[in-house]
Structure formats: C-alpha cells, structure tokens
Amino acid sequence: PLAALKDPSLLKTDALVNGEWVAGSSRFDVTDPATGAKLADVPRLGAAETEAAIAAANAAWPAWRAKTAKERAAILMKWHALMIENADDLARIMTAEQGKPLTEARGEVVYGASFIEWFAEEAKRVYGETIPTTDPNKRFVILKQAIGVCAAITPWNFPIAMITRKVAPALAAGCPVVIKPAEQTPLSALACAELALRAGLPAGVLNIVTGDADSSIEIGGVLCASDTVRHLSFTGSTEVGRILMKQCAPTIKKMSLELGGNAPFIVFDDADIDSAVEGAMISKYRNAGQTCVCANRLYVQDKVYDQFVEKLAAKVAAIRVGNGFEAGVSQGPLIDEGAFAKVESHVADALAKGARLVTGGQRIGERFYTPTVLADVTAEMLCATEETFGPVAPIFRFSTEAEVVAAANATEFGLASYFYSRDIGRIFRVGEALEYGMVGINTGLISVAEVPFGGVKQSGLGREGSHHGIDDYVEVKYLCISDI
Ligand code: ADP
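Residues numbered from 1 in each chain as written. Predicted model: local features only at pLDDT ≥ 70, side-chain atom pairs only at ≥ 80, totals over all residues. Heavy atoms only, no water.

**So, the packing of helix 7 (residues 213-225) against helix 8 (residues 238-248)**
Running from amino to carboxyl end, helix 7 crosses helix 8 at an angle of 40°, the nearest separation of the two axes being 8 Å. Classified by the interaxial angle, the pair formed by helix 7 and helix 8 is oblique. Of the two elements, helix 7 crosses helix 8, and the hand of that crossing is right-handed. Along its contact with helix 7, which presents Gly 220, Gly 221, Cys 224 and Ala 225, the element helix 8 presents Leu 244, Gln 247 and Cys 248. Residues of the contact of helix 7 with helix 8, tallied by class, amount to four nonpolar, three polar and no charged. (Axes fitted to C-alpha atoms, helices over the stretch in contact; angles between N-to-C directions. Helix = DSSP H or I, 4+ residues; strand = E, 2+ residues; numbered from the N terminus. Parallel < 35°, antiparallel > 145°, perpendicular 65-115°, else oblique. Left-handed = near helix turned anticlockwise from the far one by under 90°. Contact = heavy atoms within 4.5 Å. Nonpolar A, V, L, I, M, F, W, Y, C, P; charged D, E, K, R; others polar.)

Here it is, written out as structure tokens:
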C-alpha cells in the first residue's frame, strides 16, 4: 500500500535525534493490521539513545524559547500547511499501519493538523498578569515561562492527533519535545517529524525515539526518571498511566494523562431517535470502536428501547468491514490479538449471562470482527465495567433519570459521556450530574482543537486542546518587585 505515495520520501524508517535520522543497532517490524504483511522496520532504541535525545532537546531549549512567539508560530503554521498539502500521503501511511479506513485516516490528518494551527495562534497569547499591590512600595508581576524538556508517550489509535495535541502546545510555549510513539504506528509519527523539519524546526527541538513493546518500557523508564525532563504527557491505558505516575514520583514531574474511558451513551424517551442512532454509529463504531471516547455502554429508556435497538441494528448490519484501502469500507481490522481477546471475552460473558445477540458477534478470518449489537445487557456483565475498545454496542434498559445517572457514574472512569434528550431542563440536570470531563448532548462527535479534551476520576489529569491546552507546558512565575 505504501508504493502509491506521491512523495515516497515521507516514508521515514529511522528515528530522529538532534535533527539526525538514526538507524539504531537493532530494528523491529511495523506491520499492516489488515493483512499481517511487513511494511517497514524501524529502530529498536533503548536507554542510551533516549538519554541522547533528552540531552539534544535540552541543548536546543535556550534558543527555541528565546525566539519570539511569533517566530515559533510561523514555523508551526508552515508545518500545518505541509501536513495539509501532504494529507493524502499521511493518510495512506496511517491506514497502512493502523488499519482505519482511508477517509477516516484523512479526517484524522486534518484534525491532527488543526492542533498545530490552533497552538500556533495560541503561542502569541500566553499572557502573564499584574496583580494589584498590597504594599505601595511593591509590584506583583506574573510571568508564564516554558516548562522545559517535555516527553510524550502516545498510543496507536490516533497515530497523528495524539502526537500533535501534545507537541504543538509544547513547541508553541517554547519547549523541546522527545516523543515515544506507539510501537504499532511509528511511521505516521516519523512522517510528521519529516514535515516539521521541512517547515524549519531547528535540530533537537523535536526528537522521536522508536521502540518495540519491550524497549518502550525501557525508554519510558528513562523519560520518567530524567531530571531534565520536566513534563510527561501520556495517552493510553489507565494501567500504564499508573505505572508512569509512579515512575515520575521521584522527580515530582508534572504530568498530563489521557487514560481509559467507559463512556455511557444515554437515550431518553424524549430524544430524536434517528439522531440518537446516527450519534451512536459515530460514537461507537468509529475506528472500529477503538477510541477512548467511544460509547461503551448504551442506556436506552423503556419506551423507546425496542425501536432504538431495531434501528441501530439495521444500520450496524450494513457496515462494510474490510481493508481500509478498499472503497466503501467503513470498518477496518482490529489492531492486534489482544484487541480480539477483549472483544470476544466481553461478548461471550454477556451472552453467558443472558444478553441477546442482535447482530454481529463473529470474527471474520484472522483480523476482522463483525460490528455487534447486544440487547438486554445488565450491570453484572464485564462490558458494564470494562472498556471493550472494539465494535460492540451493549444496550442496557432503564426507566428513570435518577437510575440512569447513577448507573452512568458507577465507574472509576470519567472521560466522555453522551446523552440524547429534547427537554431543556433535563439537558441541564443531566449535563451537570454526569461525572465526566466531556458531555456530548444530542451528538456523538465532540472533539475539535478549540475545546478542552480530558477526563476526571481515573481517566486522567489535565486538558488538551483549547486555550487551556497550553497551561501544562508553562510554569507560572511570580516576580515581587520592591523599592519602587
Ligand atoms: P494501548 O492499550 O492503547 O496499547 P498502552 O497504554 O499499552 O495502550 O500503550 C500506550 C503507549 O504506552 C504506547 O506508546 C506503549 O508503547 C507505551 N507503553 C506501554 N507500557 C509502557 C511502559 N511500561 N512504560 C512506558 N511506556 C509504555
């Protein structure tokens, strides 16, 4: 699939340290999840190269932070323009290594690039403040300064967007970055880095350290333990988030964490049912259900339950599953065997405990899973408490607002949530009562660069995107000026 790139030089297969492409002494394979075929091999780096990348970033920091915000913004704007110009190639690389359908991949390129544009604009608005004095002889001035070398560890489900929404605010604020992309999807990261260099980003300001599943642990250990690294941003599982937090404790490192979710999707009986079905399709089946904001538990009120199940199942049964490069395909492969294990165990457990299989429920060949709808799901089933991360919609029945809000909040997660209602009072009541960082109301699609993305409870720390998204990359400094 990569032979068709318009610009083959975007296919970078070496890591990036201090502006140099580094081959490493050992390599690992990147494969196409739709076919299992090898796409390329990339460096399997470890502790020494990670230390080198941190040192390069630290050396590049003074000159980068000394640039005016406008100068940094100009480079980011150029990077953004190059991402858009090369969107077709970036999408091909992404579909090849991640599996999502090509149109979805192209959508992610544009979405991912939008963070670069947004934070290029925000770079110029990192305002400090002055505080009215309490002493006529003193003045209080507040500065916001770049925090220093930042590290980012990112997942495979959004190979570009999860990088740009960390890297763009860091660069905008004047910080250099070391990225450890997911072992499944390093090629997207490397292609973006090549475009950043073409945009004029100085050597050492952006470094990419690649590693396989094992060496990623070693790389992560070095990034967490480093005194030089002042901030670690991670998107991935809550389990790994906990490990990283522990490893960052000795250096009291600032952290941003975007962890797991267990999103409720509630349909009240006053909802527009067709719109709710559309929203469920987008929120549940996008990226084959492999996003942290995917609807994980669908709660539908008594009166509209049967109607909703029937309408959703009809649409779900029509989803075309296959290789993301084929026209008309809207669901690609699952990422790996671990993903199948989770999906299959959740479906088997639900069926064993009395759920009804409405559609799907089967593995197709080695790499694909049929989009699935389960009805009569109850709180005792695994899919009620764990994130399925696959194309399975378990539908619960409820009767009262109080009951469904309690059920929706009965989880340690608190990332995205969704509900459908046309009642303005209910919209405010439920919107305020859901213990989630984000609430989609009458929509299944909530993420854009302009708004704060993030979770409460064990779904994470901090917010990405929006004007808040730069806060984690600056330190607040207080100057107390006396003898005026
Ligand atoms: P997923 O289930 O989406 O693969 P993970 O949390 O396992 O989520 O992985 C997300 C990212 O974290 C990947 O880049 C992976 O390589 C990295 N990772 C996994 N385990 C560790 C670890 N112990 N230390 C550092 N990075 C890790």
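Alright, that's what it looks like, and here's the rest.
**Quick notes on helix 9 (residues 273-285)**
In a regular helix each residue adds 1.5 Å, so 13 residues correspond to 18 Å; helix 9 covers 18 Å between its end C-alpha atoms and thus fits that length. Those residues of helix 9 that fall on the buried side of the exposure criterion are Ile 273, Ala 276, Val 277, Gly 279, Ala 280, Met 281, Ser 283, Lys 284 and Tyr 285. In this fold, the buried residues of helix 9 make contact with strand 12 (263-267), strand 13 (295-301), helix 10 (302-317), strand 17 (372-377), strand 18 (392-398) and strand 19 (416-420). Among the residues of helix 9, the N-terminal cap falls to Asp 272, whose side-chain oxygen and the backbone nitrogen of Asp 274 are separated by 3.2 Å. Looking one or two residues past helix 9, Asn 287 carries a phi angle of roughly 55°, positive in sign. (Expected span 1.5 Å × (residues − 1). Buried < 20%, exposed > 50% of the residue type's maximum accessible area, 1.4 Å probe, protein only. Polar contact = N/O pair within 3.5 Å; in protein donor to acceptor, adjacent residues only side chain to side chain.)

**Some details on the sheet that holds strand 20 (residues 438-441)**
With respect to topology, seven strands assemble into an open sheet ordered 14-17-18-13-12-19-20, the strand pairing being mixed. Bordering the open sheet on either side are strand 14 (356-359) and strand 20, each of which pairs with just one other strand. Averaged over all pairs of adjacent strands, the angle between their axes in this sheet comes to 25°, without regard to strand direction. In the sheet, strand 14 pairs with strand 17 via three bridges, with the strands oriented antiparallel. Note that in strand 17 the partner of Thr 359 across the bridge is Val 373. (Pairing = 2+ DSSP bridges.)

**A look at a nonpolar patch on the surface**
Together, Leu 479, Ile 481 and Ile 484 line one region of the surface with nonpolar side chains, adding up to about 240 Å² of accessible area. The topology assignment puts Ile 484 in the segment after strand 22 (474-481). (Patch = residues over 30% accessible without salt bridge, like charges linked within 9 Å, V, L, I, M, F, W, Y side chains within 5 Å. Areas by Shrake-Rupley, 256 points an atom, 1.4 Å probe, with all protein chains shown as cover. Salt bridge = Lys/Arg side-chain N within 4 Å of Asp/Glu carboxyl O.)

**Some points on the pairing of strand 20**
Only one face of strand 20 is covered, namely the face carrying Met 438 and Gly 440; the face carrying Val 439 and Ile 441 is uncovered. Bridging between strand 19 and strand 20 involves four bridges; their strand directions are parallel. Among the inter-strand pairings, Phe 419 is bridged to a residue of strand 20, identified as Ile 441. Each parallel crossover has a hand, and for strand 19 linked through helix 14 (residues 424-433) to strand 20 it is right-handed. (Right-handed = clockwise from strand over helix to strand, strands pointing away.)

**Here we look at the packing of aromatic side chains**
Under the counting rule described, the total for this entry stands at eight aromatic pairs. Ring geometry for Phe 265 versus Tyr 418: centroids 5.8 Å apart, planes at 40°, classification tilted. A residue pair is termed long-range when its members are at least 10 positions apart, and Phe 265 in strand 12 and Tyr 418 in strand 19 qualify at 153 residues. Residue classification places Tyr 418 among the buried positions, given a relative accessible area of 1%. Summarising the aromatic geometry, the rings of Phe 268 and Phe 398 are spaced 5.5 Å apart at their centres and angled 85° between planes, so their arrangement reads as edge-to-face. (Phe/Tyr/Trp six-rings, centres within 6.5 Å; stacked < 30°, edge-to-face > 60°.)

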